[in-house]
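Geometric and topological summary
Residues per chain are reported as follows:
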Amino acid sequence: MTGLELVYLLGALSAVALFLFAVRRASARSAQLGDAGRAGRRRLAGRRGEDEEAEQQDEAAEEREERDGHEEEQEEEEQAEEREGVEDAGDEGDEEAEEEAEPEPAAAGAEREAEERAAQLRQGLARTRGGFVARLGRLLSKKTIDREILGELEEVLLTADIGPKTAERLFTTIRGALSREQLEDPEAVWTRLREESGRILSVEAPPVDWERARPLVLLVLGVNGVGKTTTIGKIAAKLVRGGKKVILAAGDTFRAAATEQLEIWGQRAGAPVVKGKPGGDPSSVIFDAIKRAQAEGHDVVIADTAGRLHTKVDLMEELRKVRRVIHKAHEGAPHETWLVLDSTTGQNAIQQAKMFKEAMEVTGIVLTKLDGTAKGGVILGICDELAVPVRFIGIGESVDALREFDPEAFVSALYEHDPTANAA
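Below is a short write-up of the structure. This one's a predicted model, so the numbers in the text were calculated from it and none came from an experiment.

1. Examining the pairing of strand β1 (residues 216-221)
For β1, the tally of buried residues reaches 6 of 6 residues, placing the bulk of the element in the interior. Residues Leu 216, Leu 218 and Val 220 point to one face of β1 and Val 217, Leu 219 and Leu 221 to the other, with burial holding for every one of them. Pairing of β1 with strand β4 (residues 300-303), which is carried by 4 bridges, proceeds in the parallel orientation. If you follow Val 217 over to β4, its bridge partner there is Val 301. Pairing of β1 with strand β5 (residues 336-342), which is carried by 4 bridges, proceeds in the parallel orientation. Residue Val 220 lies in a different strand from β5, and its bridge partner there is Trp 338.

2. Regarding the packing of aromatic side chains
Taken as a whole, this structure holds 4 aromatic pairs when the rule is applied. With a centroid separation of 5.9 Å and an interplanar angle of 75°, the aromatic rings of Trp 210 and Trp 338 are classed as edge-to-face. Of this pair, Trp 210 sits in the loop between α8 (186-201) and β1 while Trp 338 sits in strand β5, placing them 128 residues apart in sequence. By the burial criterion, Trp 210 is buried, and Trp 338 matches it. Each residue in the set Trp 210, Trp 338 and Phe 392 is aromatic and connected to the rest through ring pairs, giving one cluster. Lying across the ring of Trp 265, Arg 268 places its NZ or CZ 4.8 Å from the centre.

3. Describing the environment of Leu 158
The residue Leu 158 is located in helix α5 (residues 147-159) in this model. Separated by 12 residues in the primary sequence, Leu 158 and Leu 170 place their C-alpha atoms 9.8 Å from one another. Other than its neighbours up to four places away in sequence, Leu 158 contacts Pro 164, Ala 167 and Glu 168.

4. A word on the packing of helix α11 (residues 282-296) against helix α12 (residues 315-329)
Running from amino to carboxyl end, α11 crosses α12 at an angle of 25°, the nearest separation of the two axes being 9 Å. Comparing their axes, α12 and α11 come out roughly parallel. The handedness of the crossing between α11 and α12 comes out as right-handed. Note on element contacts: α12 touches α11 through Glu 318, Lys 321, Val 322, Val 325, Ile 326 and Ala 329, opposite Pro 282, Ser 283, Ile 286, Phe 287, Ile 290, Lys 291 and Gln 294. Across the contact of α11 with α12, the residue classes tally to 8 nonpolar, 2 polar and 3 charged.

5. Regarding the sheet that holds β1
Across the sheet, which stays open at both edges, the 8 strands sit in the order β3-β2-β4-β1-β5-β6-β7-β8 with mixed pairing between neighbours. Each end of this open sheet is capped by a strand with a single partner; those strands are β3 (273-274) and β8 (402-404). Helix α14 (residues 378-386) rests against β5, β6 (364-368) and β7 (390-394) of the sheet, and its axis sits at about 170° to β6.

6. Brief notes about the environment of Glu 184
Relative to the helices and strands, Glu 184 resides in the loop between α7 (180-183) and α8. Apart from residues lying up to four places away in sequence, Glu 184 is in contact with Lys 143, Thr 144 and Ile 145.

Rules and cut-offs
Residues numbered from 1 in each chain as written. Predicted model: local features only at pLDDT ≥ 70, side-chain atom pairs only at ≥ 80, totals over all residues. Heavy atoms only, no water. Buried < 20%, exposed > 50% of the residue type's maximum accessible area, 1.4 Å probe, protein only. Helix = DSSP H or I, 4+ residues; strand = E, 2+ residues; numbered from the N terminus. Pairing = 2+ DSSP bridges. Phe/Tyr/Trp six-rings, centres within 6.5 Å; stacked < 30°, edge-to-face > 60°. Lys NZ or Arg CZ within 6 Å of the ring centre and 35° of its normal. Contact = heavy atoms within 4.5 Å. Axes fitted to C-alpha atoms, helices over the stretch in contact; angles between N-to-C directions. Parallel < 35°, antiparallel > 145°, perpendicular 65-115°, else oblique. Left-handed = near helix turned anticlockwise from the far one by under 90°. Nonpolar A, V, L, I, M, F, W, Y, C, P; charged D, E, K, R; others polar.

So this is what it looks like as structure tokens:
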């Protein structure tokens, strides 16, 4: 074999070897691809199985939820039916109870309310009743009234806070009106004392007519500390509660706390407050309040005033000026002028009342703080010496504790007495 033939043979063998190597590699590649495909198909089949299983679980869960929801709806319907049954039974019971219960007569309700008010008044006058009235009660608890006891009765009246003039009137009336036999009867003396006190308190005066003017102007007087501003707020609250449209005038411009306090009460009562500059002219504030009331259709104007001035101007002269300006703003006003007195000051309240009445035309008295003093008998001296009706009395802090004065109820509560309680 020639060299050339040998070269050709080796080339052919190399080509064959390369071909066989390529075929073997392709077969191995095909096998790998087949294995990968089979593994992929197995994984795909596994996923499909998991998805099918998950779908089956979801369907089962939905079926359970539907079944549970249906059962809950049935339970709710059954409970609702039971509740309706109970309510129906309760309604039937209520109807039967209403049929069996008789409505309370209106007279019985009014009587109960009157008893409650009387009890509140007795409680409010407890301290006063424990003062000079208790001393009278001990004297009049004796089986007979002799000359010595009659002298002690005069002493008790004279030392009480009703004032010496009123005390002498009561004693003289009792001694002169009763016979010797009656004077020996403690109950007759006690009854006469109550009757005469009732006459003193029943000052002849028509009730307040809040409709006689529009706006009706109420001017309120009183020294500082008697509860004047608080009284104005409570009266305003009562009037607003009764359907009146009320406006307040902060005429005590010399005391900043008075204006602030009145504003608080105005907010509580639902009544606007007209105020001026601190230390300003009280008359102009009240004038503005009246004009606003006329423009806005208010029913009542309640005007606060100074109880003490920080200037050289005399208080009474300033109040007279206020009165003149009010009349210019609204002819015929003020329609009411009320004086507020603190009952805890005793006979000093009588002196205050005399001073204001000399300077101003006072048409009514408001007596405050009766529940906190044993000097409530001062009301007898005020009515006796001034002949001015008491319009309101204060027996507590609440709005309802400021109540219209009823002379008969007051005397009944003040002189509540059991003549046999301390019989000797």
